Every structure is written in structure tokens, then in C-alpha cells.
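For reference, the chains in residue letters:
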Amino acid sequence: MLKYLCLFIMLLIFTSCSNSNKPEEQTGNPETKQAGAYKPGFGEFMTYIQIHHAKLWFAGKNQNWKLAEFELDEITEIVEAIKTYQKEREETKVLQILDPAIDSVKNAIQKQSPKLFIQSFTDLTNTCNTCHHAVKFEFNVVKIPDTPPFSNQDFTLNDTSRKVQFK
Ligand code: HEC
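None of these values were measured; they are calculated from a predicted model.

**Quick word on helix α4 (residues 99-111)**
So, step 1. Between the first and last C-alpha of α4 there are 18 Å, a value that for 13 residues agrees with the 18 Å anticipated at 1.5 Å per step.
So, step 2. Listed as buried for α4 are A101, I102, V105, A108 and I109. Relative to the axis of α4, the buried residues are bounded by an arc of 120° and lie together on one face. Residues of α4 that are exposed and angled more than 90 degrees away from the buried face: P100, D103, Q110 and K111.
So, step 3. Of the surrounding secondary structure, the elements contacted by the buried residues of α4 are α2 (42-61), α3 (65-85) and α5 (114-134).

Right, here's the structure in full:
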């Protein structure tokens, strides 16, 4: 009997929780999100950009153009997220200086040109630092990475249907 009562209470809690989330989920509008809901800080968004910047490099260097395009899109999405969630920060207005550099990388990927990729990626990286200087965060120096950021992801163009094997 007690067991069933416990189950019933758990079910009640569960349904009331999911109901209270509904209106927020349905609107999908960040402006109407609950007050006090977690929002990543500017620096956290930058750390995400840093990860995709590194992945983009290894994808492009390996001429894995599909992955490179994906990583570049991730950067663009995070830039958009900063514009939405960090409107109040003065630095957000400066973000647009990335646009021409991002376009050049996109062009290099579309043309599948290793030479253009290296040039445009270098330009992109210099633009990151130009902004860091402009907004007085010049001590955050971005560079072209030497080693892949993660050892559990394959950046080379491989047969994607291949099964993972322990070597
Ligand atoms: C608006 C100009 C601007 C642009 C463009 C920009 N950043 Fe930043 N970045 C900042 C600011 C501001 C911070 C400090 C954020 C904070 O914590 O308040 C920062 C911090 C960082 C950090 C340090 C994060 C940490 O917590 O350790 C990294 C890494 C970084 N940026 C990478 C990049 C990369 C990579 C690019 C280019 C693809 C880039 N940034 C482009 C403004 C910019």
C-alpha cells in the first residue's frame, strides 16, 4: 500500500513539474524565459567559440570540409547567441568585426581550397585578437592550435561507417 502511495506522490510531483515548464517551452522566446534562469556569461560563450575555433582548424587542415563547415556554423550560432543573451555588454556591438573573416573562411570551405583555408583562418584568428585588444581583453591571446583539442574525435576524413577499434 505504502509503495503505491509513494508512487502516486512521485507521479504527482512529476506531472506538476512538467506542467510548470510547458508555457516556457511553448513560447521558445528567450525574452519570456523565467527570471533567474541560467544564462552563460560572455566568457563562457567565448570558451565555446574557442573550442569550435580549434576544431575548425583541424577539420580544415585535414580537408574534412563537411566538418569544417559544421564547426564554422557552430561559431556563427554562438556569436548569434551572444547577441541575444549578452545584449547589455558593450563588447557585443564589436562582434560584427568577425563577419568578413567568417565569410572568407566559408568561401575557402566552399571552394575546398587548403590555401584559402589557411589564409582565412589566420585572418579570423587575428580578428579575434583585434577585438580582444579593442575591448581591453588583450591578455586573451588566441593562436592557431598545435594539437587537436580532443583526443576522442577524429578530424581526418575517414570512412564514417567504420567501426571504432582499440589499437
Ligand atoms: C566582441 C569582440 C570579441 C571578438 C570578436 C572575440 N572575442 Fe573572445 N573575448 C571577448 C571578451 C570581451 C572576452 C572576455 C569575456 C569575459 O569573461 O568577460 C573574451 C574572452 C575570450 C577568451 C577567454 C575565455 C576564458 O574564459 O578563458 C577566449 C579563449 C576567446 N575570447 C576566444 C575568442 C576567439 C577564438 C575569437 C574569434 C573566433 C574571439 N574570442 C573573438 C571579446 C571578443
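This is not the end of the story, as more comes after the structure.
**Regarding the site of the ligand**
So, step 1. The immediate surroundings of the ligand are formed by 18 residues, with M46, R89, C128, C131 and H132 found nearest.
So, step 2. Residue R89 places a side-chain N or O atom 3.0 Å away from an oxygen atom belonging to the ligand.
So, step 3. H132 places a polar side-chain atom, nitrogen or oxygen, 2.8 Å from a nitrogen atom of the ligand.
So, step 4. At the level of secondary structure, the elements contributing two or more residues to the shell around the ligand comprise α2 and α5.
So, step 5. Looking at the shell around the ligand, its residues break down into ten nonpolar, six polar and two charged.

**Section: unusual backbone geometry**
So, step 1. At Q63, a residue that is not glycine, the phi angle is positive and equals roughly 55°.
So, step 2. Mapping Q63 onto the fold places it in the loop between α2 and α3.
So, step 3. In this structure Q63 comes out as partly exposed when scored by relative accessible area, which is 40%.
So, step 4. In the Ramachandran plot, K136 falls in the positive-phi region, its phi being about 65° despite a non-glycine side chain.
So, step 5. Following the sequence through the fold, K136 ends up in the segment after α5.
So, step 6. Classification of K136 as exposed rests on a relative accessible area of 64%.

**Considering the coordination of the iron atom of the ligand**
So, step 1. Here the iron atom of the ligand is held by M46 (SD) and H132 (NE2), and the distances to it run 2.0 to 2.3 Å.
So, step 2. Note that the iron atom of the ligand binds six donor atoms; their angles at the metal cover 84 to 178°, and the shape is octahedral. Here M46 is found in helix α2, whereas its partner H132 is found in helix α5, with 86 residues between them in sequence.
So, step 3. Accessibility expressed as a relative area gives 25% for M46, which makes it partly exposed.

**Quick look at the nonpolar core**
So, step 1. L56, V105, I109, F117 and L124 are the most contacted members of the largest nonpolar core, which has 27 residues in total.
So, step 2. Element by element, the count of residues in this core is highest for α3, at nine residues.
So, step 3. Apart from the residues within four sequence positions on either side, V105 is in contact with L56, L72, F117, S120, F121 and L124.

Reading the values: the criteria
Residues numbered from 1 in each chain as written. Predicted model: local features only at pLDDT ≥ 70, side-chain atom pairs only at ≥ 80, totals over all residues. Heavy atoms only, no water. Helix = DSSP H or I, 4+ residues; strand = E, 2+ residues; numbered from the N terminus. Expected span 1.5 Å × (residues − 1). Buried < 20%, exposed > 50% of the residue type's maximum accessible area, 1.4 Å probe, protein only. Arc of directions from axis to C-beta. Contact = heavy atoms within 4.5 Å. Near = heavy atom within 4 Å. Polar contact = N/O pair within 3.5 Å; in protein donor to acceptor, adjacent residues only side chain to side chain. Nonpolar A, V, L, I, M, F, W, Y, C, P; charged D, E, K, R; others polar. Donors = N, O, S within 2.8 Å, 3.2 Å for Na, K, Ca; no water. Tetrahedral: all angles 85-135°; square planar, octahedral: opposite > 155°, others 65-115°. Core = buried A, V, L, I, M, F, W, Y, C linked by side-chain atoms within 4.5 Å.

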